[in-house]
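So the chains spell out like this:
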Amino acid sequence: MKKGDKVAIVGCSNGQSVSYKEKLIRLDKTIRQIGLIPVWGDYIYEKESVFSGSANERADSLMKFFRDDEIKAVFDISGGDIANEILPYLEYDEIAQSEKLFWGYSDLTTVINAIFAKSGKKSVLYQIRNLIYDDAQNQIQNFTNTVMNGASDLFDFSYSLIQGKELKGIVVGGNIRCLLKLAGTKYWPDMDGKVLLLEAYGGDVPKMVTYLNQLKQMEVFEKISGILLGTFTYMEKEKCRPQIIDLVRKYAGNEIAIAYTSEIGHGTNSKGIIIGEEISKKGAGYRK
């Protein structure tokens, strides 16, 4: 992207509280200072319960931006629970033909993986609201260097390879709870040979055991080439035992490649990762 390019701001999941408006005004200002022009969708704030609009309306708003040649990227600022409601209303053939990328995180895991499953198109797991949080200075620098200057700062994350010799494959996944909403649907991505990214905001040990066993019973661990673990915010904050790494080893086995990064997830320091793009990680990992 270059200065003066227009980017869309949408909310495919839970609507934003009106009390959050001042922060979104700050986000608008920050994006403009970077040199981009934000164009806001019509369905941002909650109107009835958590809904900013109907599923069809939110999907139409997203598709409108994919069809608009002036829009160079689409950033979703929402999260929560209801993003998968829009999946039947998206036009995946049109999304596949577009050169622009969709960006979102958390509950937008559903939309990102559905886009990949139905069109083969890449998307970015990243929350643009990080530009106004407590790591804003670093986030703005990494974002600007990457999207405006062609660098890769936003996607260069530190990691530890904790099992196996190499983590290699096309990345799918994201938030573990939200990803599993796609199980049994036509929006579930093909797992053969993939690197499965897993992270979580909430959830204690019993919940993670539930999710990991569902993946095991779906035979996902037998298909993928490796696992990339991001942050598991609640478990790490509460120092839950067993730790997520131990749980993953228990259910995925001791032979599959596993890496961990503290720079992908719900933290305000989180970097981005491209779902649908191949990665290759060896050894101790990238260090700043």
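To keep things clear, this report deals only with the structure shown in the data block. Because the structure is a prediction, the values reported are computed rather than measured.

Remarks on the pattern of salt bridges
This model, assessed by the stated rule, comprises 10 salt bridges. Linking Asp28 and Arg32 is a salt bridge whose minimum nitrogen-to-oxygen distance equals 2.7 Å. With a gap of 4 residues between them, Asp28 and Arg32 both fall in helix H1 (residues 21-34), about one helical turn apart. In this structure Arg32 comes out as partly exposed when scored by relative accessible area, which is 44%. The residue Asp42 makes a salt bridge to Lys64 at a minimum N-O spacing of 3.9 Å. Of this pair, Asp42 sits in the loop between strand E2 (37-40) and helix H2 (55-67) while Lys64 sits in helix H2, and the two are 22 residues apart along the sequence. For Asp42, a relative accessible area of 52% translates into the label exposed. Judged by its relative accessible area of 40%, Lys64 is partly exposed.

Focus on the packing of aromatic side chains
Aromatic rings considered in pairs are described by the distance between their centres and by the relative angle of their planes. Under the counting rule described, the total for this entry stands at 7 aromatic pairs. Ring centres of Phe75 and Trp103 lie 5.0 Å apart, and the angle between their planes is 45°; this geometry places the pair in the tilted category. Of the two residues, Phe75 is situated in strand E3 (residues 71-76) and Trp103 in strand E4 (residues 101-104); the sequence distance between them amounts to 28 residues. Note on accessibility: Phe75 and Trp103 belong to one class, buried. An aromatic cluster of at least three residues, connected via ring pairs, comprises Phe75, Trp103, Tyr126, Phe143 and Phe155.

Overview of the sheet that holds strand E9 (residues 226-232)
Spatial ordering of the open sheet is given by E6-E10-E9-E8-E7-E12, a layout of 6 strands whose pairing is mixed. Across the chains shown, the open sheet's two edge strands, defined by having one partner strand only, are strand E6 (160-163) and strand E12 (278-282). Within this sheet the neighbouring strands show an average axis-to-axis angle of 35°, counted without direction. Where E9 lies against strand E10 (residues 257-260), 4 bridges are found, and the strand directions are parallel. Across the sheet, Leu229 pairs through a bridge with Tyr260, a residue of E10.

A word on the environment of Ser78
One can find Ser78 in the loop between E3 and helix H3 (92-97). Judged by its relative accessible area of 1%, Ser78 is buried. Sequence spacing of Ser78 and Met218 is 140 residues, and the spatial spacing of their C-alpha atoms is 29 Å. Contacts of Ser78, omitting those with residues within four sequence positions, involve Val10, Gly11, Cys12, Ser13, Asn14, Gln16, Tyr105, Leu108, Gln127 and Arg129. Among the polar contacts made by the side chain of Ser78, one reaches the main-chain amide nitrogen of Cys12 at a distance of 3.3 Å.

Details of the pairing of E10
Looking at chain direction, E6 and E10 are connected through 3 bridges and run antiparallel. Looking across to E10, one finds that Leu161 is bridged to Ala259.

Description of a negative patch on the surface
A grouping of Glu57, Asp60, Glu91 and Asp93 is seen on the molecular surface, where their side chains present a negatively charged patch. Mapping Glu91 onto the fold places it in the loop between E3 and H3. Exposure remark for Glu91: the relative accessible area of 40% places this residue in the partly exposed category.

So, how was this worked out
- Residues numbered from 1 in each chain as written.
- Predicted model: local features only at pLDDT ≥ 70, side-chain atom pairs only at ≥ 80, totals over all residues.
- Heavy atoms only, no water.
- Salt bridge = Lys/Arg side-chain N within 4 Å of Asp/Glu carboxyl O.
- Helix = DSSP H or I, 4+ residues; strand = E, 2+ residues; numbered from the N terminus.
- Buried < 20%, exposed > 50% of the residue type's maximum accessible area, 1.4 Å probe, protein only.
- Phe/Tyr/Trp six-rings, centres within 6.5 Å; stacked < 30°, edge-to-face > 60°.
- Pairing = 2+ DSSP bridges.
- Axes fitted to C-alpha atoms, helices over the stretch in contact; angles between N-to-C directions.
- Contact = heavy atoms within 4.5 Å.
- Polar contact = N/O pair within 3.5 Å; in protein donor to acceptor, adjacent residues only side chain to side chain.
- Patch = residues over 30% accessible without salt bridge, like charges linked within 9 Å, V, L, I, M, F, W, Y side chains within 5 Å.
- Areas by Shrake-Rupley, 256 points an atom, 1.4 Å probe, with all protein chains shown as cover.
- Lys, Arg positive; Asp, Glu negative; His and termini not counted.
- Charge placed at Lys NZ, Arg CZ, Asp CG, Glu CD.

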